[in-house]
Amino acid sequence: SQQGEEDPQALSIQEGENATMNCSYKTSINNLQWYRQNSGRGLVHLILIRSNEREKHSGRLRVTLDTSKKSSSLLITASRAADTASYFCATDALIQGAQKLVFGQGTRLTINP
Amino acid sequence: DSGVTQTPKHLITATGQRVTLRCSPRSGDLSVYWYQQSLDQGLQFLIQYYNGEERAKGNILERFSAQQFPDLHSELNLSSLELGDSALYFCASSPLWGPYEQYFGPGTRLTVT
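Residues numbered from 1 in each chain as written. Chains lettered and ligands numbered in written order. Predicted model: local features only at pLDDT ≥ 70, side-chain atom pairs only at ≥ 80, totals over all residues. Heavy atoms only, no water.

Engineer: Quick rundown of the overall build of chain A? Include the residues and the values.
Structural biologist: Across its full length, chain A carries zero helices and 11 strands. Going from the N terminus to the C terminus, chain A shows its helices and strands as β-β-β-β-β-β-β-β-β-β-β. In terms of overall size, chain A behaves like a compact globule, its C-alpha atoms giving a radius of gyration of 14 Å where 113 residues would be expected to give roughly 13 Å. Viewed in the frame of its principal axes, chain A has a C-alpha envelope of about 45 × 30 × 20 Å. Within the span of chain A, comprising 113 residues, buried residues form 46% of the whole. Long-range contacts, defined here as pairs at least 24 residues apart, represent 54% of the contacts in chain A between residues at least 6 apart. Computing the positive centroid from 13 side-chain charges and the negative centroid from 10, chain A places the two 5 Å apart. (Helix = DSSP H or I, 4+ residues; strand = E, 2+ residues; numbered from the N terminus. Rg over C-alpha atoms; globule rule 2.2 N^0.38 Å. Buried < 20%, exposed > 50% of the residue type's maximum accessible area, 1.4 Å probe, protein only. Contact = heavy atoms within 4.5 Å. Lys, Arg positive; Asp, Glu negative; His and termini not counted. Charge placed at Lys NZ, Arg CZ, Asp CG, Glu CD.)

In structure tokens:
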């Protein structure tokens, strides 16, 4: 099963509202990353938070990390139509002796005008 | 634009055939990763190369193979294609190996008929 799992699977909100997506993972991590994917396009890196950090900001994005609960959240404030995309969390996992990124199934975010 | 290029953009082929997908990483990046994205399986890590050497394998089928050349571009070879191989194939690159920020290409959409 996936190392990281996002919740909810889909989210639909009105433009201007805040959107919160959550990610839970199973094993200890070195860092957690969030990516955005517009329909059929490549993933775009949004933010990386290290295991010793609790919160990180980038523009309208705020990411929190709770290693005791093995969870992270991505908050997008003042959403815009252009934020419509799928959002993935990615955590590092040991695969065949190497630390690799493992992606969750993603949250599909729709911003309604 | 991530700086990662992939060709071709679209590929339509028949079952049983063999295709080659190409990827050029960002300038200076030594690591190349290949991912498969399908509706039912999500984003699956296939294989990683670092500076010409295979570093890690994920859920890559035996019918699939890859290599990274001295100029650091990479090719993913898919043979004996089946209908279930229809998917988006992404290449990503990063400066180092490990669970760091990855830069994704636009993807190759493979349709097997």
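Structure shown, so let's carry the discussion forward.
Engineer: Requested: an account of the state of the cysteines, with residues and values cited.
Structural biologist: The tally for this structure, following the rule as stated, stands at two disulfides over all chains. The disulfide bridge from Cys23(A) ends at Cys89(A), spanning 2.1 Å between sulfur atoms. What sets the handedness of the Cys23(A) and Cys89(A) disulfide is the S-S torsion sign, and at about 65 degrees it is right-handed. In this pair, Cys23(A) sits in strand E3 (residues 19-25) while Cys89(A) sits in strand E9 (residues 85-95), placing the two residues 66 residues apart along the sequence. Residue Cys89(A) is classed as buried on the basis of its relative accessible area, which comes to 0%. Covalently, Cys23(B) is tied to Cys91(B) through a disulfide, its sulfur atoms 1.7 Å apart. What sets the handedness of the Cys23(B) and Cys91(B) disulfide is the S-S torsion sign, and at about -45 degrees it is left-handed. Here Cys23(B), found in strand E3 (residues 19-24), pairs with Cys91(B), found in strand E9 (residues 87-94); they are 68 residues apart in sequence, far enough to count as distant. For the pair Cys23(B) and Cys91(B), one class covers both residues: buried. (Disulfide = S-S within 2.5 Å.)

Engineer: Just give me the short version of the interface of chain B and chain A, but keep the residues and values in it.
Structural biologist: Contacts between chain B and chain A engage 23 residues on the former and 21 residues on the latter. Here chain B and chain A share an interface that buries about 1,700 Å² over both sides, 55% of which is from carbon and sulfur atoms. Applying the counting rule to chain B against chain A returns zero salt bridges. Taken together, the elements giving at least two residues each to the side of chain B that touches chain A come down to strand E4 (31-38), strand E5 (42-50), strand E6 (53-57) and E9 of chain B. No other element matches E5(B), which puts five residues into the side of chain B that touches chain A. Class assignment for the residues of the side of chain B that touches chain A results in 11 nonpolar, eight polar and four charged. (Buried area = accessible area lost by both parts, 1.4 Å probe. Salt bridge = Lys/Arg side-chain N within 4 Å of Asp/Glu carboxyl O. Nonpolar A, V, L, I, M, F, W, Y, C, P; charged D, E, K, R; others polar.)

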